[in-house]
Amino acid sequence: MTEDTLSAWRRAQAVCFSFDNTVTENDTLDLLAQHLGLGPEAAQVAEQAANGQLSTQDSLQRRLQLLNCSPQDILGFLDQHPPATRLAPGVEDLVAALQARGIVVYLASASSWELTAPIAQALNIPYAHVFADGMAWQETEAADGPRLVGFTRHEAASYASPQAEAVGKLRDMFPYQTLAFVGSGTTDLEAAQLAHGADIFIAYAGVVQHEAVVQGSDWSVRDFHEMARMLKKHKVACIGSGAWACAAVRIVAYNTLHNDPRDEFAKEVTMWVHEEEVNGRKLSEIINETHENVKYLPGVKLGDNVVATPDLLEAVSGADIIMVCVPHQFVHGICKQLQGHVSQDAIAVSLTKGMRVRPEGPQLISEMVRNYLRIDCSVLMGANIAQDIASEQLSEATIGYTILANAEVLKRVFETHYFYVTMVPDVAAAEMCGTLKNIVALSAGFVDGLAYGPNTKAAIMREGLQEMRQFCKALYPTVRDETFFESCGVADLIATCYGGRNRKVAEAYVKALMTDHPKTFDELEAELLHGQKLQGVLTSNEVQEVLRKRGWQDDYPLFTTTNRIVNGRLPPHAITAYRDCGIDGFDYPERADNPT
Ligand code: NAD
Ligand code: 13P
């Protein structure tokens, strides 16, 4: 096989398999003939056709005359020859591996729809992807009913065989840049070599080997596993190396190494590190040496197969799956640097919680990634406190997607025995939930700082969830209510309001106000988070700008009250009076004697 053929195989967007002696380890009509006790006679005719001595049509007619079979014969045959007994070795694995990569699989069969459909079903190939003629029956006087006299293909058919029809129609109907055809007979080779035919023809010689077909092929294989092994493996890269980025990369690195039954992922995972010095050494070097991010997720081994690099373009070079997990204020700058440098076949997934506010309005991080990198971007959101996931405590996440096939690959990248992943076709709600709950976490932190009990905290969280949903629906009317019940919705809200950094810093802010040494959020971020970033304050200001510009402040009293507390315009205990305090123009005695 040449480099060009290998490259085409790895680029293939669709693969069409011929049926007899390729997907099946028999010629189906021969097998039917054997079932009816007419094996040797039928095999002789089939051999003549395979060698090009008989036309496909002539051979078919001769065999059907020979078989002279009834519908009952066909049912009996299907009953005694279930798909598992007919499939060629390794074809199931190869088809699953192709489908796992989003490569569309088709079947082209000269042995009729009725005999092909059960095999298609066993291989999870939709019926719409099967090219085959139906059986044509003729009434007779026989007691067991009509006789099979032919297939529905007629003289006027524009293609000589179902295989040729498959190639021709796939070319006409779909803009596949690379189409591969896999077959074993002369008819298959002819189909692949149509004027506007397949880009590569792979001769499968595991059942029968026809020299002319092998000679005419780009690649000849005897084992489908070899074809699977040659498929491209998805390479994962992570942009970011903070606490959550590291905990997520640790799961991915484990999965690529130990939890990859379809062998679809490259073992090595690349991680971009915003370089800095830690104890006089470069952080990326420390990670590569110790396999640990000693600053952002100390004490946790990421995996020997994680390779850290401070070079952004090197990190995404050759990557097929790009995880984006940096504090949201840095994503725009990173996207600008990445523009034009990522593979257009890659897919992205954002783990970042936050949004961008531009003069023309808010922008989701996933939208920004999609616009700059020109690739699909899903999101992975959920109740995901980094340290808990790093210590393998059961957690869940939600993938919000627009392209299901991409979400399915991502689910296999991320899911493991302690990290359950669900998928929702609702990127906007999943991502906005992850963003907005950071504001409510600040509100919950104020409640904790003031030492109120669970009733108050629950009341604040309930109102927060309701404003989150209202805001999502106001900006993105297509969001689905169900999404708020996923991990990305109510579960993330609960986790963050009890165990997150925003809550922690907001509580500390209130407590500091009660002393002679009040502290700013910036001071507390530096003091308590050791380089990790607080997203809630920034998000609160960004969301408030949207509310202000649209005149919606009064409709979001909890968001508005929280923002005023964050900016020192209201004391923290105003949080319990959010219904009044969030109203514009409400005359609250600002920063009265008791600042809390
Ligand atoms: P982090 O807050 O732990 O660390 C901050 C990161 O920002 C560090 O890797 C630092 O190197 C990097 N950084 C600093 N300056 C930078 C710059 N100028 N450009 C680029 N990067 C810079 O990071 P994290 O926890 O991985 O958070 C990333 C995203 O994940 C955030 O949106 C956060 O809301 C979200 N998230 C975090 C958690 C969590 O538990 N930590 C959980 C779920 C989601
Ligand atoms: P904090 O940034 O408040 O820690 O929230 C983490 C998080 O998003 C958990 O899902």
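These figures come from a predicted structure and were not determined experimentally. (Residues numbered from 1 in each chain as written. Chains lettered and ligands numbered in written order. Predicted model: local features only at pLDDT ≥ 70, side-chain atom pairs only at ≥ 80, totals over all residues. Heavy atoms only, no water.)

### Things to note about the overall build of the protein
- Within the protein, the secondary structure is distributed over 28 helices and 20 strands.
- Sequence-distant contacts, at least 24 apart, represent 69% of the contacts inside the protein between residues at least 6 apart.
- Charge separation in the protein, taken as the distance between the mean sites of 49 positive and 75 negative side-chain charges, equals 7 Å. (Helix = DSSP H or I, 4+ residues; strand = E, 2+ residues; numbered from the N terminus. Contact = heavy atoms within 4.5 Å. Lys, Arg positive; Asp, Glu negative; His and termini not counted. Charge placed at Lys NZ, Arg CZ, Asp CG, Glu CD.)

### Observations concerning the sheet that holds strand E14 (residues 321-324)
- Across the sheet, 8 strands lie side by side as E13-E10-E9-E14-E15-E18-E19-E20; this open sheet has mixed pairing. Each end of this open sheet is capped by a strand with a single partner; those strands are strand E13 (306-309) and strand E20 (419-424). Looking at each pair of strands side by side, their axes are set apart by 25 degrees on average, direction ignored.
- Here helix H15 (residues 283-290) sits on the sheet and contacts strand E10 (265-272) and E13; the angle it forms with E13, its principal contact strand, is near 165 degrees. (Pairing = 2+ DSSP bridges. Axes fitted to C-alpha atoms, helices over the stretch in contact; angles between N-to-C directions.)

### Details of the site of ligand 1
- Neighbouring ligand 1 are 24 residues, the closest being Ala-243, Lys-353, Asn-384, Ala-386 and Lys-533.
- A distance of 2.9 Å separates an oxygen atom of ligand 1 from a polar backbone atom of Lys-353.
- Here an oxygen atom of ligand 1 sits 2.8 Å away from a polar atom, N or O, in the main chain of Lys-533.
- If ligand 1 stood free it would expose 840 Å²; the protein chains cover 89% of that surface.
- Considering every element that reaches the shell around ligand 1, the biggest residue donor is helix H14 (residues 243-258), with 3 residues. (Near = heavy atom within 4 Å. Polar contact = N/O pair within 3.5 Å; in protein donor to acceptor, adjacent residues only side chain to side chain. Areas by Shrake-Rupley, 256 points an atom, 1.4 Å probe, with all protein chains shown as cover.)

### Let's talk about the side chain of Thr-483
- Tracing the chain through its elements places Thr-483 in the loop between helix H22 (454-475) and helix H23 (487-499).
- Classification of Thr-483 as buried rests on a relative accessible area of 1%.
- Excluding anything up to four places from it in sequence, Thr-483 contacts Val-424, Asp-426, Ala-429, Ala-430, Cys-488 and Gly-489. (Buried < 20%, exposed > 50% of the residue type's maximum accessible area, 1.4 Å probe, protein only.)

### A closer look at the sheet that holds strand E3 (residues 130-132)
- Reading across the sheet, the 6 strands line up as E3-E2-E1-E6-E7-E8 and stay open at both edges, with parallel pairing between neighbours. With partners counted over all chains shown, the strands left at the sheet margins are E3 and strand E8 (219-221), one partner each. Each strand of the sheet is rotated relative to its neighbour by a mean of 20 degrees, with strand direction disregarded.
- Against the sheet, helix H8 (residues 91-100) engages strand E1 (14-18) and strand E2 (104-109), with an angle of about 160 degrees to E1.
- Strands in contact with helix H9 (residues 113-122) are E2 and E3; relative to E3, the strand with the most contacts, it is inclined by about 160 degrees.

### Some thoughts on the site of ligand 2
- Within the structure, ligand 2 sits among Lys-353, Gly-382, Ala-383, Asn-384, Ile-385, Lys-437, Asp-492, Thr-496, Gly-500, Arg-501 and Asn-502.
- The contact in question runs from an oxygen atom of ligand 2 to an N or O atom on the side chain of Lys-437, over 2.6 Å.
- The side chain of Asn-502 places a nitrogen or oxygen atom 2.7 Å from an oxygen atom of ligand 2.
- In isolation ligand 2 has 310 Å² of accessible area, and contact with the protein removes 91% of it.

### Describing the nonpolar core
- Met-432, Leu-436, Phe-446, Phe-471, Phe-521 and Phe-559 are the most contacted members of the largest nonpolar core, which has 51 residues in total.
- Elements with a minimum of two residues in this core: helix H21 (427-449), H22, H23, helix H24 (501-513), helix H25 (521-529), helix H26 (536-550), helix H27 (557-566) and helix H28 (578-581).
- The dominant element in this core, judged by the number of residues it contributes, is H21, at 12 residues.
- Beyond its immediate sequence surroundings of up to four residues, Met-432 is in contact with Met-355, Leu-364, Phe-471, Cys-472, Leu-475 and Tyr-476.
- Counting 47 residues, the second-largest nonpolar core is a separate cluster that includes Ala-247, Met-323, Val-349 and Ala-386. (Core = buried A, V, L, I, M, F, W, Y, C linked by side-chain atoms within 4.5 Å.)

### Some details on the pairing of strand E18 (residues 377-381)
- The buried fraction of E18 is high, at 5 of 5 residues.
- Burial of E18 is two-sided: the residues Cys-377, Val-379 and Met-381 facing one way and the residues Ser-378 and Leu-380 facing the other way are all buried.
- Alignment of strand E15 (residues 347-350) against E18, held across 3 bridges, turns out to be parallel. Bridge pairing in E18 places Ser-350 opposite Val-379.

### Here we look at the pattern of salt bridges
- Counted under the stated rule, the structure contains 25 salt bridges.
- For Asp-27, the salt bridge goes to Arg-63, with nearest N and O atoms at 2.9 Å. With Asp-27 in the loop between helix H2 (19-23) and helix H3 (28-35) and Arg-63 in helix H5 (residues 56-67), this pair connects stretches of sequence that are 36 residues apart. Each member of the pair, Asp-27 as well as Arg-63, carries the same accessibility label: buried.
- Because the salt bridges share partners, they merge into one network encompassing Asp-448, Lys-457, Arg-503, Glu-507 and Lys-511. (Salt bridge = Lys/Arg side-chain N within 4 Å of Asp/Glu carboxyl O.)

### Looking at helix H1 (residues 3-11)
- Looking only at H1, the buried set comprises Thr-5, Leu-6, Ala-8 and Trp-9. Considered in projection along H1, the buried side chains sweep an arc of 160 degrees and stay on one side of the axis. When the buried face of H1 is taken as reference, the exposed residues oriented beyond 90 degrees from it are Glu-3 and Asp-4.
- Contact partners of the buried residues in H1: E1, H8, strand E6 (179-183), strand E7 (200-204), E8 and helix H13 (224-230). (Arc of directions from axis to C-beta.)

### Let's talk about the environment of Leu-98
- The topology assignment puts Leu-98 in helix H8.
- Its relative accessible area of 0% is what places Leu-98 among the buried residues.
- Considered as a pair, Leu-98 and Leu-170 are 72 residues apart in the sequence and their alpha carbons are 17 Å apart.
- Beyond its immediate chain neighbours, meaning those up to four positions away, Leu-98 contacts Trp-9, Val-15, Phe-17, Ile-103, Val-105 and Leu-231.

### Brief notes about unusual backbone geometry
- The backbone phi angle of Asn-21 is positive, close to 65 degrees, even though this residue is not glycine.
- With respect to the element layout, Asn-21 can be found in helix H2.
- In this structure Asn-21 comes out as buried when scored by relative accessible area, which is 14%.
- The phi dihedral of Glu-392 is positive, around 60 degrees, even though this residue is not glycine.

### Side note on the confidence of the model for the protein
- Averaged over every residue, the pLDDT of the protein is 93; the share at 70 or more is 97%.
- On the interface metric, ipTM, the complex scores 0.99, and its pTM is 0.81. (pLDDT = per-residue confidence, 0-100.)

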